[in-house]
Every structure is written in structure tokens, then in C-alpha cells.
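# Descriptive structure summary
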Amino acid sequence: PDHRENEKGVRRYPAGYFTHAGSGKDSRSNQFVITLKPNRFMGGGSPWEVPMGELVGDHSFATVERWYTGYGEKGPSQKLLHDEGVSKKVLTGWPLMDYIYRCSLVDEHDLDE
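Below you will find a few notes about this structure. (Residues numbered from 1 in each chain as written. Predicted model: local features only at pLDDT ≥ 70, side-chain atom pairs only at ≥ 80, totals over all residues. Heavy atoms only, no water.)

The calculated volume of the second largest pocket comes to roughly 910 Å³. The set of elements that each furnish at least two residues to the lining of the second largest pocket consists of strand E2 (30–34), strand E3 (49–54), helix H1 (58–65) and helix H4 (108–111). For the lining of the second largest pocket, the leading source of residues is H1, giving four residues. Looking at the lining of the second largest pocket, its residues break down into 15 nonpolar, five polar and four charged. (1 Å grid on protein atoms, 1.4 Å probe; cavity = no way out; pocket = protein on both sides within 12 Å on 5 of 7 lines; lining within 4 Å. Points joined across faces, edges and corners; volume = space filled by probe spheres on them. Helix = DSSP H or I, 4+ residues; strand = E, 2+ residues; numbered from the N terminus. Nonpolar A, V, L, I, M, F, W, Y, C, P; charged D, E, K, R; others polar.)

What follows is the structure, encoded as C-alpha cells:
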């Protein structure tokens, strides 16, 4: 669709896309990203950003909208989270950060109930 392509022809993912993103060419680190709003730096502009799902239904978007996003790019580093997980240092330094403890795949037919 046209809404996924910017003026330079670079495809971007709309809000609600789940993406597996590497940290650059030939890197081994990765991130799990949920596109919250259009972003000129992320969202399909690089070959190492691969879509793997999307939010479905208003209830899904309502859940994501409750997540705290106030830290922006000043949250804990990926290295710290990788090395320590949910440690006392992380909990103390970023007390408002939300965590995903589990998620589930649902069958399309379950959404109709």
C-alpha cells in the first residue's frame, strides 16, 4: 500500500507492526520492535528490519497505548538488559518501564467471540 512508502520510495510499517530488527549490516544483535507511530528512522527502511506480525483489533492497540513510553531513547541500554535482565539496577533506574511477561497467538476465529 502507498501509506507504507515514503517520498524516497522507502517502505515503512504503519502503527501496530511487530518487527525483528538487527542493529545493522552483518550484526548479530537484534531487537523486538512494535511500531507505535510513523518513524523516519525505523519501520522497514533497512533490510535487517523484518516484519513478523501486527496488532489486530482495537483491544490490542488499547493495550499498547497503556505502555509507558516516557523514557524514549533514554531507557536502559540493550546491553544492560541483555546482561542483567530485570535486575535491581534496571528496576531502580527505570521504575516506570513496562515488561512483557508473555504473549499469545490467537486464531482468527477466536477474535470473533
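The next point concerns the pairing of strand E1 (residues 17–22). When you tally the buried positions in E1, you get five out of six residues, the bulk of the element. Sheet analysis places E1 next to E3, joined by five bridges and oriented antiparallel. Bridge assignment links Phe18 to a residue of E3, and that residue is Gly53. Pairing of E1 with E2, which is carried by five bridges, proceeds in the antiparallel orientation. Bridge assignment links Ala21 to a residue of E2, and that residue is Gln31. (Buried < 20%, exposed > 50% of the residue type's maximum accessible area, 1.4 Å probe, protein only. Pairing = 2+ DSSP bridges.)

Here we take up the pattern of salt bridges. Per the counting criterion, the structure on display carries one salt bridge. Residue Lys79 is joined to Asp83 by a salt bridge in which the shortest nitrogen-to-oxygen separation is 2.5 Å. With Lys79 and Asp83 both in helix H2 (residues 78–84) and four residues apart, this pair spans about one turn of that helix. Lys79 gets classed as exposed once you look at its relative accessible area, which sits at 58%. We classify Asp83 as partly exposed; its relative accessible area is 47%. (Salt bridge = Lys/Arg side-chain N within 4 Å of Asp/Glu carboxyl O.)

Glancing now at the packing of aromatic side chains. Here the distance between the centres and the angle between the planes together describe a pair of aromatic rings. Applying the stated criterion to the full structure yields two aromatic pairs. With a centroid separation of 5.0 Å and 75° between ring planes, the pair formed by Tyr68 and Tyr71 is classed as edge-to-face. Owing to a relative accessible area of 37%, Tyr68 belongs among the partly exposed residues under this scheme. Between Tyr99 and Tyr101, the ring centres sit 6.3 Å apart and the planes meet at 35°, which makes this aromatic pair tilted. Given the relative accessible area of 26%, Tyr99 is considered partly exposed. Exposure remark for Tyr101: the relative accessible area of 72% places this residue in the exposed category. (Phe/Tyr/Trp six-rings, centres within 6.5 Å; stacked < 30°, edge-to-face > 60°.)

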